[in-house]
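Close look at the chain arrangement
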Amino acid sequence: MKSEGIRQDLNRMNKLLYIVIVILILNIVITILVNGKVEETPLYNESFDISSFTTIKLNEIEEYVNTEEYKILVIGKPNCQYTAKMIPLLEQAQEEFGYETLYVDLREISEDDQESLFEYDDSTDFIKEYLGTTPFIIVFKDNKMVDTWVGYENYSKFIHFLTSLGLEKKEN
């Protein structure tokens, strides 16, 4: 009697073990299939049109922002989906407000370039903390950093950000 109960318990444990093994194998197969599909389907367009912006090297920043006009510096990466989504909004805002947008590819920023940008940072060290996050947008006026914007957001929020800094839409 006792051995019969033990045998039944062992059979149940064997069945449970087989079920666990089948679940693990299915999990591995599904993971392989899903990962294969993710690599085949790009999540973003790796190229975007920045021809309406002035492409600069970061070490040239002072010659561009040493003016009474507002300048918008965008630091982005071609393989960043948020930069790709933000570019059309930046182009539209540039057209509506009439400012010049400067573009720097994050991949081309050296340590010396970073130091030249850090000189514009206020006491919060915001640039040091967020440089590397894209898109990273810095608003300049009178050779000073006025404010910063990090990441993607909808157009109305970006426009509100610009107008809160004193930028005005140009008259048609």
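Here goes a summary of the coordinates provided. (Residues numbered from 1 in each chain as written. Predicted model: local features only at pLDDT ≥ 70, side-chain atom pairs only at ≥ 80, totals over all residues. Heavy atoms only, no water.)

What follows covers the nonpolar core. Burial of nonpolar side chains together is a common tendency in soluble globular proteins. In this structure, L90, A93, Y99, I137, F158, L162 and L167 are the most contacted members of the largest nonpolar core, which totals 23 residues. Looking at this core, the elements that each hand over two or more residues are β2 (71–76), α3 (81–97), β4 (136–141) and α6 (155–164). In terms of residue count, α3 provides more of this core than any other element does, 6 residues in total. When near neighbours in sequence (up to four residues on either side) are disregarded, A93 contacts G98, Y99, Y155, F158, I159 and L162. Grouped together as the second largest cluster of nonpolar side chains are 19 residues, F118, Y120, F136 and F140 included. (Core = buried A, V, L, I, M, F, W, Y, C linked by side-chain atoms within 4.5 Å. Buried < 20%, exposed > 50% of the residue type's maximum accessible area, 1.4 Å probe, protein only. Helix = DSSP H or I, 4+ residues; strand = E, 2+ residues; numbered from the N terminus. Contact = heavy atoms within 4.5 Å.)

As enumerated under the stated definition, the model contains 8 aromatic pairs in all. Seen from their ring centres, Y120 and F140 are 5.1 Å apart, and the 80 degrees between their planes marks the pair as edge-to-face. Taken as a pair, Y120 in the loop between α4 (111–118) and α5 (126–130) and F140 in strand β4 lie far apart in primary sequence, 20 residues in all. Ring geometry for W149 and F158: centres 5.2 Å apart, planes at 85 degrees, overall edge-to-face. On the basis of relative accessibility, which here comes to 14%, the residue W149 falls in the buried class. (Phe/Tyr/Trp six-rings, centres within 6.5 Å; stacked < 30°, edge-to-face > 60°.)

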